[in-house]
Amino acid sequence: MSKDLQVVLLLDCYGAMLTEHQSQMMRQYYDEDLSLREIADLAGITRQGVHDTIRRGEQYLREMEAQLHLVEKLRAIRRNMIATSDTLRQIAAVSEDAEVLALCEQAQRLTQEGIDLTDLEMK
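Overview of the structure.

## Overview of the packing of helix H1 (residues 5-14) against helix H2 (residues 20-30)
Piece 1. It is at 11 Å that the axes of H1 and H2 come closest, and there the two elements cross at 140 degrees. One element, H1, and the other, H2, form an angle in the oblique class. The way H1 lies across H2 gives a crossing that is left-handed. For the pair H1 and H2, the contacting residues are Val7, Val8, Leu11 and Asp12 in the first and Met26, Arg27 and Tyr30 in the second.
Piece 2. Of the residues contributing to the contact of H1 with H2, the split by class is 5 nonpolar, no polar and 2 charged.

## Some thoughts on the side chain of Gln108
Piece 1. Tracing the chain through its elements places Gln108 in helix H6 (residues 98-117).
Piece 2. You can call Gln108 buried: its relative accessible area is 17%.
Piece 3. Filtering out sequence-adjacent residues up to four positions away, Gln108 remains in contact with Ser85, Leu88 and Arg89.

How each quantity is defined
The residue numbers shown here count from 1 along each chain, following its written sequence. Reporting in this predicted model follows two pLDDT cut-offs: at least 70 for local features of residues, and 80 or more for side-chain atom pairs to be given and counted; totals over whole chains, interfaces and linings ignore these cut-offs and use all residues. Excluded from the side-chain calculations are hydrogens and water; all other atoms, namely the structure's heavy atoms, are used. Lines fitted to the C-alpha atoms define the axes, with helices restricted to the stretch that makes contact. Angles between their N-to-C directions range from 0 to 180 degrees. Helix and strand assignments follow DSSP, with helices taken as H or I runs no shorter than four residues and strands as E runs no shorter than two, numbered in order from the N terminus. Roughly parallel here means an angle under 35 degrees, roughly antiparallel means over 145, roughly perpendicular means 65 to 115, and every remaining angle is called oblique. Left-handed is the label given to a crossing in which the near helix is rotated counterclockwise from the far helix by less than a right angle, and right-handed is the label when the rotation is clockwise. Whether two residues touch is decided by their heavy atoms; if any such pair falls within 4.5 Å, the residues are in contact. Each residue receives one of three labels: charged for Asp, Glu, Lys and Arg, nonpolar for Ala, Val, Leu, Ile, Met, Phe, Trp, Tyr, Cys and Pro, and polar for the others, Gly being one of them. A 1.4 Å probe rolled over the protein chains alone gives each residue an accessible area, and that area as a share of the maximum for its type sets the label: buried under 20%, exposed over 50%, partly exposed in between.

The values reported here are purely geometric and, on their own, carry no functional implication.
If you want it as structure tokens, here you go:
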């Protein structure tokens with residue numbers, strides 16, 4: 001079973017919607033990088049049981065994204081913020097007005113905070 005980085009993003013967005021059992025196993029697998037065998041030993045179930053639980057969790061996360069599109073929307077917001085940041089840099093580079101430069105600097109800080117908030121390994 002190969003680890004899909006897209007599932008990590010989905011888990012960050014929709015993980016709270018999983019059962020406690022699914023969430024725990026998926027976080028152990030994706031966040032803590034435990035093997036199926038290690039998770040099975042901790043949970044006291046079979047490796048196949050862990051595999052099935054993780055697969056069902058992955059399917060549920062994909063279904064949530066198909067319905068709600070949160071990861072897709074976060075990616076679009078991040079792209080727009082990066083474009084805004086680039087535009088602000090260009091304006092600041094050609095402006096000599098102190099007020100414009102101050103506004104660009106302030107907007108740049110806010111834009112960077114937004115980029116940081118949406119940075120879920122979406123680069």
